[in-house]
Each structure stands twice: as structure tokens, then as C-alpha cells.
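Observations on the model geometry
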Amino acid sequence: QEQLVESGGGLAQPGGPLRLSCTASGFTGGISVLTMSWYRQAPGLKRALVATHPKFGHAVNYPRAVQGRFTISRDKANNPVYLQMNNLKPEDTAVYFCTAINDASTYWGQGIQVTVSS
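Quick caveat: nothing in here was measured; it's all calculated off a predicted structure.

With that settled, consider the overall build of the chain. Helix and strand content of the chain: 0 helices and 10 strands. Helices and strands appear in the chain in the N-to-C order β-β-β-β-β-β-β-β-β-β. The globule rule puts the C-alpha radius of gyration for 118 residues at 13 Å, and the 14 Å found for the chain is close to it. Expressed as a percentage of the 118 residues in the chain, the buried residues total 37%. Intrachain contacts of the chain at a sequence separation of at least 6 include 54% that bridge at least 24 residues. Put simply, the chain shows about 6,800 Å² of open surface, and 49% of that area lies on carbon and sulfur atoms. The average position of the 10 basic charges and that of the 6 acidic charges among the side chains of the chain differ by 7 Å.

Okay, here's the thing in C-alpha cells:
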């Protein structure tokens, strides 16, 4: 059974950092063949792309809402995948989802709550 499990969410102060992790398991081909992304869904809004891990030699095209503050990366073993969030704002409050795409399907994690509030 293919699984994506997010961790590291919770309550953060405005201006503070938070790092999300996405751990993949059950993918027989390994995480190296997966295209990994982070999405988020804020209250009352539709789910939106946050970042996709880039191909070699390419830069990440972050949405303006997170540009300069968020960074997607992978561990040296390509698992887990991270979303480093700095200078958090209240409008970053959302459920964050890890996704993986291979030749067979698109897979979603359960989502993890991030709340930015003082």
C-alpha cells in the first residue's frame, strides 16, 4: 500500500519558521522516480499548489504568496521531502498536503494542519 505521511505541522507564531516532512512508503519503484509536490487548502479557499520539487537544472516556480519564504527540498536519500516555511503569516494557515506522481497514479497524503497565530 502506497502511503504519504506528513508531519511537522501545528501552531506557529507569525514570523516564525516551521518545517513539514513527507515520508513515502510502499512505493516499489522508490521515491526517486516520484515527482513530489506540496499543496495547501486554506479555510474557504480551493486547494492550491505550493511547490513542486524541480528537475535537475531547473528552479522552482513558487507562487508569489510564498516566494522568498518557502523552500522545497529532499533529504540526500530523497526521502523524506521537506517544505521549509519561514517568516510565516496568518494567511499561511491551511491544511498542507504532500503529493507524489509516478507513471501509474497521483497519490495524496492525509494532510496536516498548519496554524499561524499569535
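Another aspect to go through is the sheet that holds strand β7 (residues 81-85). Pairing is antiparallel in the open sheet, where 4 strands are placed in the order β1-β3-β7-β6. The open sheet terminates on both sides in strands that have one partner only, identified here as β1 (3-7) and β6 (70-74). Across this sheet, the average inter-strand angle for adjacent strands is 15°, counted without regard to direction. As defined by bridge partners, β6 adjoins β7 across 5 bridges and the pair is classed as antiparallel. Paired with Phe-70 across the strands is Met-85, a residue of β7.

The rules behind these values
Residues numbered from 1 in each chain as written. Predicted model: local features only at pLDDT ≥ 70, side-chain atom pairs only at ≥ 80, totals over all residues. Heavy atoms only, no water. Helix = DSSP H or I, 4+ residues; strand = E, 2+ residues; numbered from the N terminus. Rg over C-alpha atoms; globule rule 2.2 N^0.38 Å. Buried < 20%, exposed > 50% of the residue type's maximum accessible area, 1.4 Å probe, protein only. Contact = heavy atoms within 4.5 Å. Areas by Shrake-Rupley, 256 points an atom, 1.4 Å probe, with all protein chains shown as cover. Lys, Arg positive; Asp, Glu negative; His and termini not counted. Charge placed at Lys NZ, Arg CZ, Asp CG, Glu CD. Pairing = 2+ DSSP bridges. Axes fitted to C-alpha atoms, helices over the stretch in contact; angles between N-to-C directions.

The values reported here are purely geometric and, on their own, carry no functional implication.
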